[in-house]
Amino acid sequence: MALSGRPMAPSERPMALSARGVRAAAAALGLFAVAFALRVLNVGYVLGGAGVRFPSGRDELYHVRKIVYQVLRFPEVLDFDPYVSFPFGAKPVWPPFLDWAIAAGVRALGVAGDALAVERVIIWLPPLLGALTVALWVEVGRRHFSLLAGGVGALLLAVLPAHHVHSQLGQVDHQVVLGLFAVLGLGLAMAWHTAPRRALAVAVGLVLAMSLVSSPGALLQILPVQAATGLWVLWATRREDAATRARSAATAHAVAALAVAPACWLAGPFPDLGAASPLVLSRFQPLWFGAGAVALAGLAGLFERTGVGVSRPRRVATVAAFTTALAALALAIPPLRETLAYAGGWFTKEEAFLTTVMETQPLLFPEGRFDAGFALRSLGPGLFVFPFAWIALAARGGLDANARPALALLLCWSAAFFVLALAQERFGNVFAPGLALVLGVAVAELHGGLGERRWAARGMVVAVVLGLVAPLLPPYQMLFGYSRLVITQGRDLVPVDSRRKVVVEEAARFLREASPPTPGFLDASQHPTYGVLTSWDDGHLVRYRAERPTVQDNFGSFADRRAWDLARRYFDQEDEEAAYAIAQQLSARYTMATGQGSGQRRDAPPQSLASRLWLRLGNAEPAGDGAPALARHRLFWLGDRSGRPRDRQRPATDRVAVFEIVPGALVEGRAEPGALVRVALELEAGGGRLWYRARSRASDAGRYRVRLPYPTDVAVSREVRAVGGYRVEAGGRAAPLEVREADVRAGATLAGPSLREEGP
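In this text the structure is predicted, and so the values were computed from the model without any measurement.

Some details on the packing of helix H6 (residues 125-144) against helix H7 (residues 147-159)
The contact between H6 and H7 brings their axes to 7 Å, and the two run at 155°. Comparing their axes, H7 and H6 come out roughly antiparallel. Between H6 and H7 lies a crossing whose hand is right-handed. Contacts from Thr-133, Val-134, Trp-137, Val-138, Gly-141 and Arg-142 in H6 reach Leu-147, Gly-150, Gly-153, Ala-154, Leu-157 and Ala-158 in H7. Grouping the constituent residues of the contact of H6 with H7 by class yields 7 nonpolar, 4 polar and 1 charged.

Some points on the sheet that holds strand S7 (residues 665-670)
Taken in spatial order, the 3 strands of this open sheet run S10-S7-S14, and their pairing is mixed. For this open sheet the edge positions go to strand S10 (703-708) and strand S14 (749-751), each flanked by a neighbour on one side alone. Across the sheet, the mean angle separating the axes of adjacent strands is 25° when strand polarity is ignored. Looking at chain direction, S7 and S10 are connected through 6 bridges and run antiparallel. Opposite Leu-666, over in S10, you have Arg-707 as the bridge partner.

A few points about the pairing of S7
Direction of pairing for S7 relative to S14: parallel, over a ladder of 3 bridges. Within the sheet, the bridge partner assigned to Glu-668 lies in S14 and is Ala-751.

Side note on the sheet that holds strand S4 (residues 588-593)
In space, the 4 strands of this open sheet follow the order S3-S4-S6-S5, with mixed pairing throughout. At either margin of the open sheet sits one strand with a lone partner, and together these are strand S3 (531-533) and strand S5 (633-639). Mean inter-strand twist for the sheet, computed between neighbouring axes without regard to direction, equals 25°. Here 3 bridges tie S3 to S4, and the two strands are oriented parallel to one another. When the sheet's bridge partners are listed, Leu-533 is paired in S4 with Thr-591.

Things to note about the confidence of the model for the protein chain
The predicted model of the protein chain averages 87 in pLDDT, with 88% of residues at 70 or higher. For the stretch residues 475-491, pLDDT sits under 50, and the model shows 40 contacts to residues farther than four places along the chain or on other chains. Below pLDDT 50 for its whole length, residues 644-648 participates in 15 contacts with residues either more than four positions away or in separate chains.

A few points about the environment of Ser-525
Tracing the sequence through the fold places Ser-525 in the loop between helix H23 (499-514) and S3. C-alpha of Ser-525 to C-alpha of Pro-82: the two residues are 443 residues apart in sequence and 8.2 Å apart in space. Within polar-contact distance, the side chain of Ser-525 engages the side chain of Asp-523 at 2.6 Å.

What to know about the packing of helix H19 (residues 405-423) against helix H20 (residues 428-449)
The interhelical angle for the contact between H19 and H20, taken along N-to-C directions, is 135°, at an axis separation of 9 Å. With respect to each other, H19 and H20 are oriented oblique. Seen along the crossing, H19 lies across H20 with a hand that is left-handed. Counted together, Leu-407, Leu-410, Leu-411, Trp-413, Ser-414, Phe-417, Phe-418 and Ala-421 of H19 and Gly-428, Val-430, Phe-431, Gly-434, Leu-437, Val-438 and Val-441 of H20 form the full contact between these two elements. A breakdown of the residues in the contact of H19 with H20 according to their chemical character gives 12 nonpolar, 3 polar and no charged.

Cut-off values and rules
- Residues numbered from 1 in each chain as written.
- Predicted model: local features only at pLDDT ≥ 70, side-chain atom pairs only at ≥ 80, totals over all residues.
- Heavy atoms only, no water.
- Axes fitted to C-alpha atoms, helices over the stretch in contact; angles between N-to-C directions.
- Helix = DSSP H or I, 4+ residues; strand = E, 2+ residues; numbered from the N terminus.
- Parallel < 35°, antiparallel > 145°, perpendicular 65-115°, else oblique.
- Left-handed = near helix turned anticlockwise from the far one by under 90°.
- Contact = heavy atoms within 4.5 Å.
- Nonpolar A, V, L, I, M, F, W, Y, C, P; charged D, E, K, R; others polar.
- Pairing = 2+ DSSP bridges.
- pLDDT = per-residue confidence, 0-100.
- Polar contact = N/O pair within 3.5 Å; in protein donor to acceptor, adjacent residues only side chain to side chain.

Quick look at the structure:
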């Protein structure tokens, strides 16, 4: 029912309903097209390079890995992955069902040739689901409020970057599915609260279960629905209505428990997280919904048969006492209490990994300081209008679950996610539908409030909508898909914020071609022989594009903590020998060095291995007594997109350097006692030239020792090779030195040139 406008006369209804239906269908189709078009504007980036590029280069790359694996090995499920948390392997915390279902769909389309063929199909799924979500929001708004409210809400959702970023072309992540289920679940729950029929209760229960099967994190978008449902039950005017609502809510919870239980059983145990963790599919979800079903069924009986149901205050007091007792019982069970406390770490950030994840930062304080621009770029000016619109709707009786149950649910749900989005930016995607529809309903109310002043009302609506939408659509965003794009290398379009990821991908592709193959990428029964050390933020991208296992990745400490801790220790080491020992323990053969280091701390210490790899490319510090050159790491590949010379000491932030970890050849020779021995080797690297410089100080006995990682007889890779031989000098004397690759790999000891005057 519309919130405003005159009621239709009986004679007008058939024709009016038909016209309204046509307008609603046209609005839904039109906004579907607009939303889809906006979400594929990044096609120049996604399909403009070698093969397919994925927009963020993060979580979607592990979904893609699983989908490709399962398409090519259908119906096998990639459950335990030896390429995660190498060398230990790990079971991903994401449920396997969504990726498996996508793989099954791809197989049904007859696509099973190779990874590239699969990629070219699945990149279209996010914009299709995102546009479907927008079209569905038109219908939800129309059914429960008005076509104007639904149309404005859907238009805002179509352009909101917080929703767009998770549904753009190539963003094959579970977030777009959660957004769809949020809209579907909220729409069904609105209809259910308006008319508590059993079929609607069953549908709501099924959507709740499907949300959790897609991602256990969906519990956070389910809790506001459950809370609003509890208020809906308690706020009934008559005891009979309260009992009916409680019984219907029990049905929804029972269906959800029964539907999610098989998936929880199939997902298997996660020993490190406990048997009842809400962070993964476990016993928790069936117990949660099952307990809710039993409690609600019991309340229905109490409301019908005892004095508890006589009045609203009695019902509220009874439920409050029951809920408190149940919470106390749960907290009294130590394993459950510890599991819930650990899950709560996603908000308290007691888990150190979470402090480094951008999406867990407050919306208005993304870098620890106030930044309204960040919030505006994510949710637009409507974010700051939302509290006023919400208060206005609530003040007009919007929170009355009896008079306006759909609006009451929308207000409760959107308020919850407004608070969550302010606490952590990652909730912006789920908040976006609620934000958009609340603003849409407010615009419709404003339009209706102007009564017969038709042109004034229309002008006001147009002005308000333009004010909300226009700031989200500057020309460069419309043309290039919500990213600041620059044209590089002809027609290759690369968002500024994606440059580093593009270089990481180039490095990973090179590593796949230039490094020895290792088994297990498409056969999880085999164990790979070596791994790659990276920043955790690059782990999924490097694994997928290099087809090499990574020690840490975007799962952070929620994969195998041993690999996570060892990766941090490796990058933070100031002693290269200690770092080399860790690399040997991890069976790591390559390191990808970026400005992020391990990614586990904001700034890498200047003397750490991370800084010495990325800033100095393994060279000794200029000061004579500073950190020595790296002897166990040699440059394998070097690239950036800055156009700067390769040997600058202040690299661009998008510089990426790949190093091979080798024993190194130990060179021993003679020099004047205490003399500083300098070693230099010119290298061709990444299309430019740079110098490797090492040093050693001769002992009191006149002996020097220096370990060298580069050979002079063969190239390190097709991108890195020595230009001539080493030059060794000390005390005004210089001599050449040749080092063979076999000696570098064997860690052999070689006789170096003598740089001292020999006696008669």
